[in-house]
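Observations on the three-dimensional arrangement
Chain by chain, the residues run as shown.
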Amino acid sequence: MSSAALLQVGLYLAALLLLVKPLGSYMARVCEGRTGGVLRPLRAVEQAVYRLCRVNPAQEMHWKQYAVAMLVFNALGFVVLYVLQRVQGWLPLNPARLGPVSPDSAFNTAVSFVTNTNWQGYGGESTMSYLTQMLGLTVQNFVSAGSGMAVLVALVRGFVRRQAASIGSFWVDLTRSTVYILLPLSVALALVLVSQGVVQTLRPYVRVPLLQATADPNGAVVTEQTIAVGPAASQIAIKQLGTNGGGFFGVNSAHPFENPTPLSNFLEMLAILLIPAALCYTFGKMVKDTRQGWVLLAAMTIVFVAALAFCWRSETQVLPAVAALGVDARTTAAQPGGNMEGKEVRFGLANSVLWATATTAASNGSVNSMHDSYMPLGGLVPMVMMQLGEVIFGGVGSGLYGMLIFVVITVFIAGLMVGRTPEYLGKKIESFEMKMASIAVLVPCLCVLVGTAVAVMTPSIGASLSNPLPHGFSQVLYAFSSASNNNGSAFAGFGANTPTMNLLLGMVMLLGRFWVKIPVLALAGALAAKKHVPVSAGTLSTHTPLFIVLLIGVVLIVGALTFIPALALGPIAEHVELAAAK
Amino acid sequence: MRTQLRTAGLMLLTLTVLTGLVYPLAITGIAQVVFSHQANGSLIVRDAQPIGSTLIGQPFDDPKYFWSRPSATTPFPYNAGSSSGSNLAVTNPAQLDAIAQRVQRLRASDPGNAAPIPADLVTASGSGLDPHISVAAARWQINRVARARGLDADVVGKLVTAATEGRQFGLLGEARVNILRLNRALDAVPLRAEPRSPTAGGR
């Protein structure tokens, strides 16, 4: 770990934490509908959306209506996206003349983008037309993030309101997150990215001559290179900000046209964690006790930094077998060194592991290096970050509502220890709330484990594994951890674009998304209906360092108990194998 | 339920127009006016024809050029129409074989050079299109390129320095050498054996 690398990581964390308060208070203002003053131009857009959609913004919803609205909206989004991929061959803005996407891949992709997973079984530049990328994928990048934020706001209202029947309007929450938060930030980020070299054009792919001809495996001489371009910057901005992560190009943000410079890399990484981190402050602001928000942010940051350090240490290791070949893998000012397979020179080690940790801590899933080629323990870190349930920052909205579920569980466990009815923010946590919280925590875990088990028993699985065991098993476990927790990154050598895998992964994405969202909304409804209980001597204070420790403990224990056996078969076995070879 | 369905349809339509048409087209419009070079792929143009992009690497394995990093794209290396990494696990025997082969080829290209080979020169990049090699990887190749071209190592070394991009703002990322820019610059230097002419290989 060189000082230059440490400085970059320090700068990243500082920039992130400094932006939490200003962005967090802005979002609180928006979520509470205080949109006067300088926000008036955006309010005009918001009002126009309501007029066009015949929405009465004052009409609030019961939690069941809220859930139905969300489900219907997402179902329609799925249908449109599926159809668009199937008919793109007949539609305009398709200069590369790409044909229809296969039914199973189109199903998987539609589910993937609607659920904010953005798992990709396909290579963007060789599969999706410009029109599909814009009208289909970019739109879901916005609205899936907007839906996540809406559900979070609804849950926060559950804590704030007293004996209320409604938890807000899904249409209003969705529109506000999109118009005031996601769109303006995306416009700004997209333009900076273009200035760095991210492409944004509707022109066809460019053919250029190679300076030195090369050959393909059959010995045919290749003298030309076809350079894929497209309207990438606009999609990349929201893919990062909305914790979506679906790349415009096959290799995502490792591609020089998605992420051309260290500055573009810094900003894209910042965008991954920006909104999830700032939402902690928004939460504190809305419950009128900012300490509650800082506590959650502190817990997230502590786990994040620990994971980052562990991953970084793993990737600086050099295999003795490689060193024996006369390869210099030291980290110096003149070279990144370490395990450079699947990493780009402009980012080096520090920016690759920082990205890998951030993208899996948040449910983003974009990559700027290939996690499949990480050292066994280096690859373990992104896998564990996803398996913790995407609550270390997590997705836009979904990360914080996931963390609040863990808070409820922590409060409950603490309550059991002292024999008192647990309460949080003045709301009693009783049996219904605990049932909902348990469902929200257990369903993604179940999807990962059962999904992996079913997948490894399918007869065709062997063809999907591109690496020998135990790494091959890690590829499957990674895929299901990613899909069930709506992350979307992959050990990308895994052949996931088969009918069986497309269907299986599509199913766990759906279960992992909606069987968290629906219980969360039920929880919101139940909490909103409750009375407020005043703080007493027996109330566990939830804004202390002790509570941070308790919360981290619960998150880690649930994750560890669930996944250590599976991890032992994959990355841990691989690490032991490597250590034994020394 | 029926009103929910109608509202959902209208919302999806409205937000599709806003975020799927207005937003990307507005960004495209602004980008094409303000940053037209970058927005179209940072192309290097000669005689009104694009001859490469400063952001997309090309394959080089001729001793007279600086070699680029190994690329795992198919069917040929540096296929910019289908980006890809190798996704080989470090424990995959194929990975160790690939590194051994690359080491062997580099050693064969410059038998007198006993210095250890920088790691990035024997490992495939994430994109398969990495436009850069590390400064150490460029330095490792200076003597070979100079010999193959009949140039002074100093002259080649200066070209490497000129093609080196430092950390951005002296801080971000890693120092690196743009491979296409460097090799184009090399081609622009008249060989010692050839008569010097003002037009030879000019950019």
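The sections below set out a description of the structure shown in this document. Quantities reported herein were computed from a predicted structural model and do not represent experimental measurements.

Here we look at the overall build of chain A
Each helix and strand counted, chain A has 18 helices and five strands in total. Here the C-alpha atoms of chain A give a radius of gyration of 23 Å, agreeing with the 25 Å that 2.2 N^0.38 yields for 582 residues. Its C-alpha atoms put chain A at 75 × 55 × 50 Å along the principal axes. Counting every position in chain A, which comprises 582 residues, the buried fraction comes to 65%. Sequence separation of 24 or more characterises 78% of the internal contacts of chain A that already satisfy a separation of 6 or more. Just so you have it, chain A exposes about 18,500 Å², and 68% of that area is on carbon and sulfur atoms. Of note, chain A has its 33 positive side-chain charges centred 15 Å away from the centre of its 22 negative side-chain charges.

A look at the pattern of salt bridges
If the charged atoms of two oppositely charged side chains come close together, the side chains can form a pair. Counting across every chain of the model gives 20 salt bridges over all chains. Put simply, Glu258(A) and Lys239(A) hold a salt bridge, and the shortest N to O gap is 2.5 Å. Placement of Glu258(A) in the loop between helix 7 (233–241) and helix 8 (262–286) and of Lys239(A) in helix 7 is noted, with a sequence separation of 19 residues between them. With a shortest N-O distance of 3.3 Å, Arg176(B) and Glu165(B) are connected by a salt bridge. On the criterion of sequence distance, the pair formed by Arg176(B) in strand 6 (residues 176–178) and Glu165(B) in strand 5 (residues 164–165) is long-range, its members being eleven residues apart. Assigned by exposure class, Arg176(B) and Glu165(B) land together as buried. Here the salt bridges do not stand alone but share partners, grouping Glu344(A), Arg346(A), Arg69(B) and Asp130(B) into one network.

What about the interface of chain A and chain B?
In this complex, chain A contributes 121 residues to the contact, which on the side of chain B involves 105 residues. Together chain A and chain B conceal approximately 8,900 Å² of surface at their shared face, both sides included; 67% is due to carbon and sulfur atoms. It is Leu211(A), Gln212(A) and Glu341(A) that lose the most area in chain A upon contact with chain B, and together they represent 9% of the buried surface on that side. Inspection of the region where chain A meets chain B yields one salt bridge. Put simply, Arg346(A) and Asp130(B) hold a salt bridge, and the shortest N to O gap is 3.9 Å. Taken together, the links from chain A to chain B amount to 42 residue pairs in polar contact (both at pLDDT 80 or more). The leading source of residues in the side of chain A that touches chain B is helix 6 (residues 170–196) of chain A, at 13 residues. Class assignment of the residues belonging to the side of chain A that touches chain B gives a composition of 73 nonpolar, 34 polar and 14 charged. Two strands pair when backbone bridges link them, and strand 3 (residues 327–328) of chain A and strand 3 (residues 117–118) of chain B are joined in this way by two bridges, in the parallel orientation. Bridge assignment links Val327(A) to a residue of strand 3 of chain B, and that residue is Ile117(B).

Here we look at the packing of aromatic side chains
Each aromatic ring pair is summarised here by two numbers: the centre-to-centre distance and the angle between the ring planes. Evaluated as defined, the whole model comprises 16 aromatic pairs over all chains. Ring centres of Phe170(A) and Trp171(A) lie 5.3 Å apart, and the angle between their planes is 65°; on these two criteria the pair is classed as edge-to-face. Given a relative accessible area of 0%, Phe170(A) falls into the buried group. The structure contains a cluster of three or more aromatic residues connected by ring pairs, namely Tyr66(A), Phe73(A), Phe170(A) and Trp171(A). Lying across the ring of Tyr374(A), Lys343(A) places its NZ or CZ 4.2 Å from the centre. Here Arg149(B) stacks its cationic end above the ring of Tyr65(B), 5.1 Å away from the centre of that ring.

With respect to the environment of Ala190(A)
Turning to its location among the elements, Ala190(A) is positioned in helix 6. Ala190(A) sits in the buried class, given a relative accessible area of 0%. Taking the C-alpha atoms as reference points, Ala190(A) and Ser234(A), separated by 44 residues in sequence, lie 5.2 Å from one another. Aside from chain neighbours lying at most four places away, what touches Ala190(A) is Ala233(A), Ser234(A), Ala237(A), Tyr23(B) and Ile27(B).

A look at the pairing of strand 1 (residues 206–215) of chain A
Residues and elements named next belong to chain A. Inspection of the sheet shows strand 1 paired to strand 2 (residues 221–227) by six bridges, in the antiparallel sense. The residue of strand 2 that forms the bridge with Thr 214 is Val 222. Two successive antiparallel strands, strand 1 and strand 2, enclose a turn made up of five residues, where Gly 219 displays a positive phi of approximately 90°.

A short note on the nonpolar core
Core analysis: the biggest nonpolar cluster contains 163 residues, and Phe73(A), Phe170(A), Phe283(A), Ile392(A), Phe393(A), Leu400(A) and Met403(A) have the highest contact counts within it. Top contributing element to this core by residue count: helix 8 of chain A, with 16 residues. Those residues in contact with Met403(A) that sit more than four places away from it in its chain are Leu296(A), Ala299(A), Met300(A), Val391(A), Leu551(A) and Val555(A). Grouped together as the second largest cluster of nonpolar side chains are 43 residues, Ile51(B), Ile99(B), Ala146(B) and Ala163(B) included.

What counts, and at which threshold
Residues numbered from 1 in each chain as written. Chains lettered and ligands numbered in written order. Predicted model: local features only at pLDDT ≥ 70, side-chain atom pairs only at ≥ 80, totals over all residues. Heavy atoms only, no water. Helix = DSSP H or I, 4+ residues; strand = E, 2+ residues; numbered from the N terminus. Rg over C-alpha atoms; globule rule 2.2 N^0.38 Å. Buried < 20%, exposed > 50% of the residue type's maximum accessible area, 1.4 Å probe, protein only. Contact = heavy atoms within 4.5 Å. Areas by Shrake-Rupley, 256 points an atom, 1.4 Å probe, with all protein chains shown as cover. Lys, Arg positive; Asp, Glu negative; His and termini not counted. Charge placed at Lys NZ, Arg CZ, Asp CG, Glu CD. Salt bridge = Lys/Arg side-chain N within 4 Å of Asp/Glu carboxyl O. Buried area = accessible area lost by both parts, 1.4 Å probe. Polar contact = N/O pair within 3.5 Å; in protein donor to acceptor, adjacent residues only side chain to side chain. Nonpolar A, V, L, I, M, F, W, Y, C, P; charged D, E, K, R; others polar. Pairing = 2+ DSSP bridges. Phe/Tyr/Trp six-rings, centres within 6.5 Å; stacked < 30°, edge-to-face > 60°. Lys NZ or Arg CZ within 6 Å of the ring centre and 35° of its normal. Core = buried A, V, L, I, M, F, W, Y, C linked by side-chain atoms within 4.5 Å.

Worth remembering: the numbers are spatial, not functional.
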